[in-house]
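# Structure at a glance
Listed here are the chains, written in short residue letters.
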Amino acid sequence: MRVLITGATGLIGRHLVAQLLAHHQVTVLTRNAARARAILGSDITCWTTLTDQRTLDGIDAVVNLAGEPIADRRWSREQKRRLCDSRWQLTSRLAALFKASAVPPSVFISGSATGYYGDQGEAVVTEEEVPHDEFTHQLCARWEELALTAESPQTRVCLLRTGMVLAPHGGALAKMVPPFRLGLGGPFGHGRQYLPWIHLDDMVAGILYLLAHAELRGAFNMVAPYPVHNDKFAATLAEVLHRPAFVRVPAFAVRLLMGEASVLVLTGQRAIPKRLEAAGFHFRFADLEEALRNVLARR
């Protein structure tokens, strides 16, 4: 296949590209082609813009992973606009190119997040769960709506409602490890909020599974089968690092530091991968401790 990827130099994208290059042709959308080749290798084709593309004829699949990092800054009005625009505008443009194609790509795999559901407390969250209407839901819901406009008899759309991705380098875990190594780690707030997570290898394998199975479409929770409370996650990470985890970060301190974005760590979703498992996908890393040990050994 010839696969077009956006967000290819990101946490998930660079590992996905490495897997795809073994058997497929990969084109990446990037502002900086030299940087992309330095990260991903010289075997990729680079597009630096979509404005000179009239169709996606000749492309077999599109994986859309691009978007401004959601937790890097406080959610000012301007930052919320950037978060939305970075996802919505690109996805809208891609969907328009699908519709303009005589022979459109057969599959459009587009990013989303478990934040689609909002705060769900103790409820077990499958893909059918009714979401809470808050900013993370509004962001993801519109993102998904725009992706679904690419759907047609020739094109199926898969939506990746992704949890916290555990990776050797980058992502939320990279920010958590240094204080934990110093013995300064611990849960956030009351610690009973659920944290849906997934090992990077399973995330990439899941995307490849969706690419390969033409019968699959719709939303998929890209999370390991066993989400854990925040305090359990902190205790497990501390155990793997052979450190204590006594420093609980009070909710008021998190809100003071992060503002409205504090909902990302003070609330959560007990999300499970119902549709992915029902489709026959098998997770390599279903146990949190095993996943953390594997990831940290590769740092």
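This text gives an overview of the structure that appears in the document. Residue positions are given per chain, counting from 1 as you read along its sequence in written order. Reporting of local features is limited, given that this is a predicted model, to residues whose pLDDT is at least 70; pairs of side-chain atoms are given and counted only at 80 or more, and all residues count toward the totals for whole chains, interfaces and linings. Heavy atoms throughout the structure, all of them, feed into the side-chain values; hydrogens and water do not.

Centre-to-centre distance and the angle between the planes together describe a pair of aromatic rings. Put simply, two rings from Phe, Tyr or Trp (the six-membered ring, in Trp's case) pair if the centres are within 6.5 Å, and we call them stacked under 30 degrees between planes, edge-to-face over 60, tilted for the rest. By the definition in use, this model includes five aromatic pairs. Ring centres 5.5 Å apart and planes at 70° place the aromatic pair Tyr 209 and Phe 281 in the edge-to-face group. Taken as a pair, Tyr 209 in helix α6 (residues 200–212) and Phe 281 in the loop between α10 (274–278) and α11 (288–297) lie far apart in primary sequence, 72 residues in all. Throughout, exposure labels follow a simple rule: accessible area from a 1.4 Å probe, protein chains only, divided by the maximum for the residue type, with under 20% read as buried, over 50% as exposed, and the rest as partly exposed. For Tyr 209, a relative accessible area of 18% gives the class buried. A ring has a charge above it when a Lys NZ or an Arg CZ is no more than 6 Å from the ring centre and no more than 35 degrees off the ring normal. A cation over an aromatic ring shows up here: Lys 80 above the ring of Phe 135, its NZ or CZ 4.8 Å from the ring centre. Note that Arg 161 overlies the ring of Tyr 116, its terminal NZ or CZ placed 3.7 Å from the centroid. Strands here are runs of E lasting at least two residues and helices are runs of H or I lasting at least four, both read from the DSSP assignment and numbered beginning at the N terminus.

Take helix α1 (residues 13–20) next. All of the buried residues in α1 are Gly 13, Leu 16, Val 17 and Leu 20. Projected down its long axis, α1 shows its buried positions confined to an angular sector of 100°, all on one face. Here the arc refers to the set of directions running from the helix axis out to each C-beta atom.

Time to look at the side chain of Asn 230. Mapped onto the elements of the fold, Asn 230 is located in helix α7 (residues 230–240). Relative accessible area serves as the criterion here: at 8%, Asn 230 is assigned to the buried category. Residues are treated as being in contact if the distance between any of their heavy atoms lies within 4.5 Å. Not counting residues up to four positions away in its chain, the partners in contact with Asn 230 are Pro 187, Phe 188, Gly 191, Gln 193, Leu 195 and Val 265.

Turning to the sheet that holds strand β2 (residues 25–29), a few remarks are in order. Strands are treated as partners if at least two bridges between them are detected by DSSP. Pairing in this open sheet of seven strands is parallel, and the strands run β3-β2-β1-β4-β5-β7-β11 from one edge to the other. The two strands at the open ends of the sheet, each matched to only one other strand, are β3 (45–47) and β11 (218–222). Looking at each pair of strands side by side, their axes are set apart by 20° on average, direction ignored. Direction of pairing for β2 relative to β3: parallel, over a ladder of three bridges. Across the sheet, the residue bridging to Thr 27 is Thr 45, located in β3. Here an axis means a line fitted to C-alpha atoms, over the contact stretch when the element is a helix, while the angle between two N-to-C directions is reported on a 0 to 180 degree scale.

The quantities given are spatial measurements derived from coordinates; they are silent on function.
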